[in-house]
Amino acid sequence: MRKAKPKKRIILPDPKYRSEVVAKFVNHLMLQGKKSTAYTIIYGALEIVEQKTQQNGLDIFQRAIDNVRPTVEVKSRRVGGATFQVPTEVKPERSLSVGMKWLIKYARDKSGKSMKEKLANDILAAAKGEGSAVKKRDDTHKMAEANKAFAHFRM
């Protein structure tokens, strides 16, 4: 049997919006321990979103995260010498984490402009249900749907 699961860390809400989701996003966005830089980027991106839409940036950010979160994913499972892609449900905690990572990854992959602008554009696109991160979520769901036949191999 495996060792005990590590305790969940308590993440304090961010200072400006008092949101745990923003604080977690900052932790994913942060590179080399530069948390203040990460906060500058996310707050700047949310301000750009507010200017472009004339709505609350936090609400749009929340909608973007919800649109990017996957509900199912495939995991490789070896059965009798063959490897199957088995569709599995994603726990809410992991779903949030994966969604954030995708948003950040596709914002970083874009060229030109500052990170604030790239992230703001990705948040706006995701809130509308379009963009690279949403496409990644749809592809993941399609892959799970295509491999539904192997669901009985679930762990």
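Since the model is a prediction, treat every value here as computed from it, not as a measurement.

J.: Sorry, what's going on with the environment of Gln55 here?
T.: Within the element layout of this structure, Gln55 appears in the loop between α2 (35–53) and α3 (57–68). Spatially, the C-alpha atoms of Gln55 and Glu130 are 19 Å apart, while their sequence positions differ by 75 residues. Other than its neighbours up to four places away in sequence, Gln55 contacts Glu50, Ile60 and Arg63.

J.: Is there a simple way to think about the packing of aromatic side chains in this case?
T.: What describes a pair of aromatic rings is the distance from one ring centre to the other and the angle between the planes of the rings. Across all of its chains, the model carries four aromatic pairs by this definition. Between Phe84 and Phe150, the ring centres sit 4.7 Å apart and the planes meet at 40 degrees, which makes this aromatic pair tilted. Of this pair, Phe84 sits in strand β2 (residues 82–89) while Phe150 sits in the segment after α6 (132–146), and the two are 66 residues apart along the sequence. Overall, the relative accessible area of 19% leaves Phe84 in the buried class. Taken together, Tyr17, Tyr39 and Tyr43 form an aromatic cluster joined through their ring pairs. Cation over ring: Lys16 sits above Tyr43, and NZ or CZ is 5.1 Å from the ring centre. Here the basic side chain of Lys105 rests over the ring of Tyr106, its NZ or CZ set 4.6 Å away from the ring centre.

J.: Mind showing me how you'd approach the pairing of strand β1 (residues 72–79) here?
T.: Residues in a regular strand project their side chains so that they alternate between the two faces of the sheet. In terms of strand pairing, β1 meets β2 through eight bridges, oriented antiparallel. Note on β2: the bridge partner recorded for Ser76 is Gln85.

J.: How should unusual backbone geometry be read in this particular structure?
T.: In most cases, non-glycine residues show a negative phi, while peptide bonds are predominantly trans. Backbone geometry at Gln32 places phi at a positive 55 degrees, although glycine is not the residue there. With respect to the element layout, Gln32 can be found in the loop between α1 (20–29) and α2. Judged by its relative accessible area of 76%, Gln32 falls in the exposed class. The residue Gln54 is not glycine, and still its phi comes out positive at about 60 degrees. Looking at the element boundaries, Gln54 is found in the loop between α2 and α3.

J.: Help me understand the side chain of Glu73 in this model?
T.: Looking at the element boundaries, Glu73 is found in strand β1. Side chain to side chain, Glu73 and Arg94 meet in a polar contact 3.0 Å long. Excluding residues within four positions of it along the chain, Glu73 makes contact with Val86, Pro87, Thr88, Val90, Arg94 and Thr140.

J.: Sorry, what's going on with α6 here?
T.: Residues lying three or four places apart along an α-helix face the same way, a consequence of the helix completing one turn every 3.6 residues. With 15 residues, α6 ought to run about 21 Å at 1.5 Å a step, and its terminal C-alpha atoms sit 21 Å apart, in line with that. Contacts made by the buried residues of α6 are with α3, β1, β2, α4 (92–109) and α5 (115–128).

J.: What is the right way to read α2 from this model?
T.: Taking 1.5 Å of rise per residue, the 19 residues of α2 would be expected to cover 27 Å, and the 27 Å separating its terminal C-alpha atoms lies within 8% of that figure. Buried residues in α2 make contact with α1, α3 and α5. Note on α2: the residue one or two positions beyond its end, Gln54, has a positive phi of about 60 degrees.

Calculation notes
Throughout this description, residue numbers start from 1 for each chain and increase along the sequence as written. A pLDDT threshold of at least 70 governs which residues receive local features in this predicted model, and a stricter bar of 80 or more applies before side-chain atom pairs are shown or counted, although totals over entire chains, interfaces and linings include all residues. Side-chain measures were taken over the full set of non-hydrogen atoms in the model, leaving aside hydrogen atoms and water. Elements are defined by DSSP. Helices are runs of H or I of four residues or more, strands are runs of E of two residues or more, and each kind is numbered from the N terminus. Any two residues whose heavy atoms approach within 4.5 Å at even a single point are treated as in contact. Pairing of aromatic rings covers Phe, Tyr and Trp, the last counted by its six-membered ring, and requires centre-to-centre distances within 6.5 Å; plane angles under 30 degrees mean stacked, over 60 mean edge-to-face, and any other angle means tilted. The buried label applies to any residue whose accessible area, calculated with a 1.4 Å probe on protein chains only, is under 20% of its type's maximum; exposed applies above 50%, and partly exposed to all values in between. The rule is short: NZ of Lys or CZ of Arg within 6 Å of the ring centre and within 35 degrees of the ring normal puts a charge over the ring. When DSSP finds at least two bridges between two strands, those strands are taken to pair. Counting of polar contacts relies on pairs of N or O atoms within 3.5 Å, with two restrictions inside protein: one atom must be capable of donating a hydrogen and the other of accepting it, and residues adjacent in sequence are counted only when both atoms are side-chain atoms. Between the first and last residue of a helix there are one fewer steps than residues, each counted as 1.5 Å, and that sum is the expected span.

That is the geometry; function is a separate question.
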